[in-house]
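Below, each chain spelled out in residue letters.
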Amino acid sequence: MNGEQRAPQAQPDSGTQARVPHARTAGAPGLLEIRDLRVSYRDRGVPLPAVRGVDLTLAAGETLGLAGESGCGKSTLAGAMLRLLPGNAEVSGEILLNGSDVLKMSWGQLRAVRWNEASIVFQGAMHALNPVRSVGRQIAEAILLHAPKASAATARKQVGELLEQVGVPAWRAESYPHELSGGQKQRVMIAMALACSPQLIIADEPTTALDVMVQAQVLTLLKQLVQERGVGLILISHDLSVLASTCDRVAVMYAGRIVEQGPGHRLFADAAHPYAQALAAAFPVIGDMASRRAPRGLPGDPPDPRELGGGCAFAPRCPVAVAECVEYDIRLRTVDTERSAACVHVGVSA
Amino acid sequence: MSAPAAASRRRSSPWRAFLRDREGMSGLIVLTLFGLVAIFASLLADPAGLEVTKADGPLAAAPSWDYPLGTDHAGRSVLTMVIHGSQVTLLVGLAATVISMLLGTLIGIASGHFSGLFGGALNRFTEWFLVIPYLPLAIVLATVFPPDVPKLIAVIIVIGVTSWSGTARLVRAQTMAIEARPYLERARALGGGHWHQMSRHVLPNVMPLVLANTTLTVSIAIIAETTLSFLGLGDPLRVSWGRVLDEAYALGAIDRGAWWWVLGPGVAVVLVVRAFNMCGRALERILDPRLEGRS
Amino acid sequence: MTGPSSGAGAVTRRPSRLPSPLFVLRKLGSALLMLAFVVVVNFFLFRVLPGDPAKAFAPRGRNADPEALRELRERLGLNDHWTVAFGKYVESVLSGDLGVSFSQHAEVTDVIMERLWPTVLLSGTALVIAAVLGVWLGARAGWRQGSRFDKLSSNAAVTFYSMPEWLLGLVLLVFLNRYGIFPTRGMNDPRSTLPAWLDVLWHMVLPVTVLAVVYVAEYSLIMRSSILDERRADYLTTARAKGLRDDLVMRRHAMPNALLPSMTLFFLSMGFVVAGAITVETVFSWPGLGRLTYDALRGPDIPLLQGLFLVFSAGVIIMNLVADLLMPVLDPRVRAS
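Bear in mind that the values here come from a model prediction, so they are computed numbers and not experimental data.

Asks: I tried to follow the overall build of chain A on my own but got confused; where do I start?
Replies: Each helix and strand in chain A was counted, giving twelve helices and twelve strands. Across the 350 residues that make up chain A, the buried fraction comes to 55%. Across chain A, the fraction of contacts at a sequence separation of at least 24, relative to all contacts at a separation of at least 6, is 64%. For chain A, the accessible area works out to roughly 14500 Å², and carbon and sulfur atoms hold 53% of it.

Structure follows, in C-alpha cells:
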C-alpha cells in the first residue's frame, strides 16, 4: 500500500532552493503526499492559477493546519484532494493517498476512495447538507454506499452511534437540516465524515459560521475524535489562532503557495515569513489585552491571479520587501530543523 | 476568483450584449422579416385575393408555382391570406401587450408600494387573475362585450385584460425590493409623495424588467389571439392567422387532407411566437445577472 | 440512550410532518375567497350585458316571445334590485342550480356533470404523462447544460411551447386523417369491435399525445431552470465527495430539491392546462367540457357558458389548494415557516 517509506521525507525536487527536512514526530509512512500540485481555473480560455506548486505530507494520526486569506487557494487544495473541483479546473502534479495517485485514478476507483479513505467536513452550518433529506438518511447513504452488504437496520444503528459520538442525540437522525442549530449541523457533518472510518479527514473551514463558544466545542470534538481513531486531519481555516492551538503542524498559504510551514505554536508566536507574521498579528492572543485592543491588519488586497509576475507574490504588500523580491521567485527555505519559509530574509538571518 | 472579471465584462451596454446573443438575434431577424411583411402586405399580395368572390384559383389545391402555399376551399391563395393575416395578428398581439404591460406595471407598482388594505386588496386581485384560467375568462369577456364596439378592439381589450397578472406579480416583487433600498428611505424622509417615489424612483428601476417581460407577453398575446379567432371569437371581417386556421378546421381541411391550408398559417404562428420567446429569453439573460451561465 | 431508537422523549420531540391546522385554514379561506370572487364576477359580468340581458339568456328565435321573456326576467331576477337578485343567484349556485341550458335542453349542472368525466380522463392522463416525462427531460437537460441532449430537447421544448395546443392537433389531423390509423374524433365508436375501455383508450391516443407534447414542453423548461438553480449547490459537492455516482447525485439530491419549486409552477400553470383542454377537445370532438364550451359559444348559450366558467375556475382553484396543502408534506422547509 504505502509506496513511500522514506522518513524523514525529502521534498520533491520542485524548487531551486533548499530542501526541507520535515520534523515528523514518528517514522510513520506518508498517508498523504502532495507533490508540486498546480491548479488553475480556465476562464474563457485564460488559465487563472489558484494553486501554484504545493508540496505537502501528512502522516497517519498527524494534524496539519492550512491557513490563509480567502482566495489563497486553500479550499481549491482541499477540493483537489478528492477531485471535486469544477470542470474548468486544470490540475497537475501528484496527490498520493496511501501511495496511489488520486489524479490518475479511474472514476470507479476514485468513487471507492472518496469518503472511504478520505472524507471532507464541509461547512455544515451553511448549505453542505441536503435540505430536503433527513440528516440520518444522508449519513446512512455514505455507509450503505461503501459497505453495500450492510443492511438498512445496521446502517441506522451506526448512524445513531455516530450522532451520539459527536454529541447529537440519536433521535435527531430524523431531523432535517433546518431543524438543527448551526453547531448541531456541523456536528452532523463531522459524524458524516466519520461514517466510513476514513484514514484522512479534510476539514474545510469547519467552524467559520459558528459563534465562538460553539467553535471551541466543535474543534475540541474534532481533535478528540481524530486522536482516538488515529486519523490524519487537515484543518483549513483563515483563523491562525485556531490552527495554532489545534494542529501539530501549520502551513500558511498565500497566492496559491505555501509560504511558511512549521509547528503550530511556533508559527503563531514567532513567524519567519512577513505574511505569516501579519496573519498571526491579525488575531488577538487570548489573554493578551494589548493585542485585542490594537489588532494589526495588513494593508492591500491579495494579488489578482492574472497579474502574478515572476517575483514574490507578497512583495507588493510586504513591509520588508527588497529589490530582489520583485525579481526572483523565492521558494521555501529552511529556517531551522522544524520550520521553513519562502522569504529572502530567511536564508540570511538563519 | 473569476467573478469580478465576468461582472465587468457583463457591464457593457445591454444592447451590445443582445447583439452578441445568437438566440436573441435570430429572433429579432425573424421578427423584422414578419414586420416588413405586415407593413408591405398590400405590395406583396393583392388584397383582392382575400375576397371569396374574386378568388380565381383552383379549389383546395395543393401548393404549385402559382400558389406556393396552395389554395383554400374557395380558391384563394393561402400565401395571400398568410401575408395579410400577419397584420391583424401582429397588431392585436402588440396592442394587447401594451394594455397588458400598462395594467401589469401600474397594478404591480401600486400593490408593491402601498401597504395596508389597498395594497393587500390589489395583491389579492392579482393573485386571483393569476389563478383563474385565462381562456374561459377571455371567452366569457368576449361574449359579453358590447356588440357596438368593433370586434378587433374588443379582442385587444379582452386579451390585455386577461394577461397582465404575470407582469404585475414580477413588478410587485421588484418594487418591494427597490423600496427596501436606502435611497428610497431618503426620498421618503425628504417628504417625497407617493407619486414622486413611484414615478421617479421605482418606475425607472422596474422598466428593464418590464421590457424583458414584454416580449414574452407578446408571444402569449399572439397565442391568445389565434386561439380566440380559432374559437370564432375574432373579427369575422378581417383575415388573421387564427381565422384562416378556424376556416380550415370548420370547412373540411382535415377531411380533404389539405395540409397546406393548415401548414402555412400554422408555421407563421409558431415562427413569430418562437421569435418573440427567443428575444424574451435573451433579454432575460442579459438583464438578470442571476441567470448568468444559462443557455 | 444509545442507538437510533431512543426513548419516549423522541416521540414527543419529533416534529410533525403535517401542516399546521392554522396553515390549512388560511389556505382554505384564501381558496374560498377566490371562489366567491368567481361567483361575483360571474353574476355581474352577465348582468351588464348590453340591451336586455333576458334576450341574451333566451334561446335564439324565442326571444321575440314576450311571455317567455317576462318569465325569464322573473327567473333571472332582472326585475329585482341587484342586491336581491345577487342573493338569489348565490343561493341557487350554492344549491347546485346553475340554470337551464337551452342548447342542450337540460339543467346546466346535469350537462356539466355528464361531460366532466371525459375531460378529467383526457387531461389527467396527459398531465400525468407530461409531468413524468417533463421532469425527466428537464432534469437531464439542465444537469448536462450545453450538451447535445440539452440543446436538442430545449429547442424542441421552446418550439412546442410556442405552439397553441390545438394547432398541433390540427396539423396532426390534417396529415394523419387519410391513413385512418387512429380515430380522429369522439371518445368511442359504436361500430367498434374492441372492448369499451380499449376503444376509449384507442380514441385517446391522438388528443393525449397532442396535450402531453405541449405540456411536456412547458414542464421540461420549468424543471430545467430549477435544476440549473440547484446545480452549484454545496450539498451536491457533499454528495459527490461521498462517492456517489453522478446520476445518483442528480436523482437523489438535485432532483428532490429542484422538484419543489417546479411543483409550484406546475400548479400555477393550470390555467394553461384548461386552455389546452378546451381547444384540443374541440379539435378532436372529444365529448368533454372543452368541446361543450365550443358548442356553447355557437349559441351563445349564456347560462351554460356561465356554468362552465364557474366549473373551470373552481377546478383550477381546487388544484391550487391541493398543491398548497401538499407542499409542506413534501418540503420540510415549508413546514418550518
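Asks: Just to check I follow, could you spell out the side chain of T217(B) for this structure?
Replies: Residues and elements named next belong to chain B. Turning to its location among the elements, T217 is positioned in helix 11 (residues 194-230). Of note is the side chain of T217, whose polar atom sits 2.9 Å from the backbone oxygen of N213. Among residues more than four places away in sequence, those in contact with T217 are T97, S100, M101, S163 and T167.

Asks: In this structure, what is going on with the packing of helix 2 (residues 21-47) of chain C against helix 14 (residues 302-330) of chain C? I would like to understand it.
Replies: Two measures define how a pair of helices packs: the angle their axes make with one another and the distance between the axes. Residue and element names in this part refer to chain C. It is the contact of helix 2 with helix 14, at a shortest axis distance of 10 Å, that shows an interaxial angle of 165 degrees. Here helix 14 runs roughly antiparallel to helix 2, going by the angle between their axes. The two elements helix 2 and helix 14 cross, and the hand of that crossing is right-handed. A per-class count over the contact of helix 2 with helix 14 returns 19 nonpolar, three polar and two charged.

Asks: I tried to follow empty space enclosed by the protein on my own but got confused; where do I start?
Replies: If a probe the size of a water molecule is rolled over the atoms, the empty space left behind becomes visible. Residue and element names in this part refer to chain A. Counting across every chain of the model gives six cavities of 30 Å³ or more. For the largest cavity, the calculated volume is near 110 Å³. Taken together, 13 residues form the lining of the largest cavity, with R257, V259, C312, A313 and I330 sitting closest to its centre. Looking at the lining of the largest cavity element by element, the count peaks at three residues for strand 10 (residues 257-263).

Asks: Is there a simple way to think about the pattern of salt bridges in this case?
Replies: Where charged atoms from two side chains of opposite charge approach closely, those side chains can pair. Residue and element names in this part refer to chain A. For the structure on display, the rule yields 33 salt bridges over all chains. Taking the shortest distance from any N to any O, the salt bridge between R35 and E33 comes out at 3.3 Å. The partner of E338 in a salt bridge is R266, with the nearest N and O atoms 3.0 Å apart. Residue E338 is found in the loop between strand 11 (333-336) and strand 12 (339-341), and its partner R266 is found in helix 8 (residues 264-269); the two are separated by 72 residues along the sequence. Among the charged side chains, a network of salt bridges with common partners joins E260, R266, D270, D336, E338 and R339.

Asks: Quick question: what am I supposed to make of the packing of helix 6 (residues 108-143) of chain C against helix 12 (residues 270-283) of chain C here?
Replies: Residues and elements named next belong to chain C. For the pair helix 6 and helix 12, interaxial distance at closest approach is 11 Å and the crossing angle is 125 degrees. Taken together, helix 6 and helix 12 sit at an angle that is classed as oblique. Helix 12 is crossed by helix 6, and the crossing has right-handed handedness. Every residue of helix 12 that contacts helix 6 at T119, L122, S123 and L127 is listed here: M270, V273, A277 and E281. When its residues are assigned to classes, the contact of helix 6 with helix 12 shows five nonpolar, two polar and one charged.

Asks: Looking at this model, I keep getting lost on the sheet that holds strand 11 of chain A. Mind explaining?
Replies: Two strands in a sheet stick together by hydrogen bonds in their backbones, pointing the same way (parallel) or opposite ways (antiparallel). All names here are of chain A. Across the sheet, which stays open at both edges, the eight strands sit in the order 6-7-8-3-9-10-12-11 with mixed pairing between neighbours. A strand with exactly one partner marks an edge of an open sheet, and here the two such strands are strand 6 (118-121) and strand 11. Averaged over all adjacent pairs, the angle separating strand axes in this sheet is 20 degrees, with direction ignored. In the sheet, strand 11 pairs with strand 12 via three bridges, with the strands oriented antiparallel. Note on strand 12: the bridge partner recorded for T334 is S340. Where helix 5 (residues 182-194) meets the sheet, its contacts fall on strand 6 and strand 7 (200-204), and the angle it forms with strand 6 comes to roughly 175 degrees. Lying on the sheet, helix 6 (residues 212-229) is in contact with strand 3 (63-67), strand 7 and strand 8 (232-237); it crosses strand 8 at an angle near 160 degrees.

About the thresholds
- Residues numbered from 1 in each chain as written.
- Chains lettered and ligands numbered in written order.
- Predicted model: local features only at pLDDT ≥ 70, side-chain atom pairs only at ≥ 80, totals over all residues.
- Heavy atoms only, no water.
- Helix = DSSP H or I, 4+ residues; strand = E, 2+ residues; numbered from the N terminus.
- Buried < 20%, exposed > 50% of the residue type's maximum accessible area, 1.4 Å probe, protein only.
- Contact = heavy atoms within 4.5 Å.
- Areas by Shrake-Rupley, 256 points an atom, 1.4 Å probe, with all protein chains shown as cover.
- Polar contact = N/O pair within 3.5 Å; in protein donor to acceptor, adjacent residues only side chain to side chain.
- Axes fitted to C-alpha atoms, helices over the stretch in contact; angles between N-to-C directions.
- Parallel < 35°, antiparallel > 145°, perpendicular 65-115°, else oblique.
- Left-handed = near helix turned anticlockwise from the far one by under 90°.
- Nonpolar A, V, L, I, M, F, W, Y, C, P; charged D, E, K, R; others polar.
- 1 Å grid on protein atoms, 1.4 Å probe; cavity = no way out; pocket = protein on both sides within 12 Å on 5 of 7 lines; lining within 4 Å.
- Points joined across faces, edges and corners; volume = space filled by probe spheres on them.
- Salt bridge = Lys/Arg side-chain N within 4 Å of Asp/Glu carboxyl O.
- Pairing = 2+ DSSP bridges.

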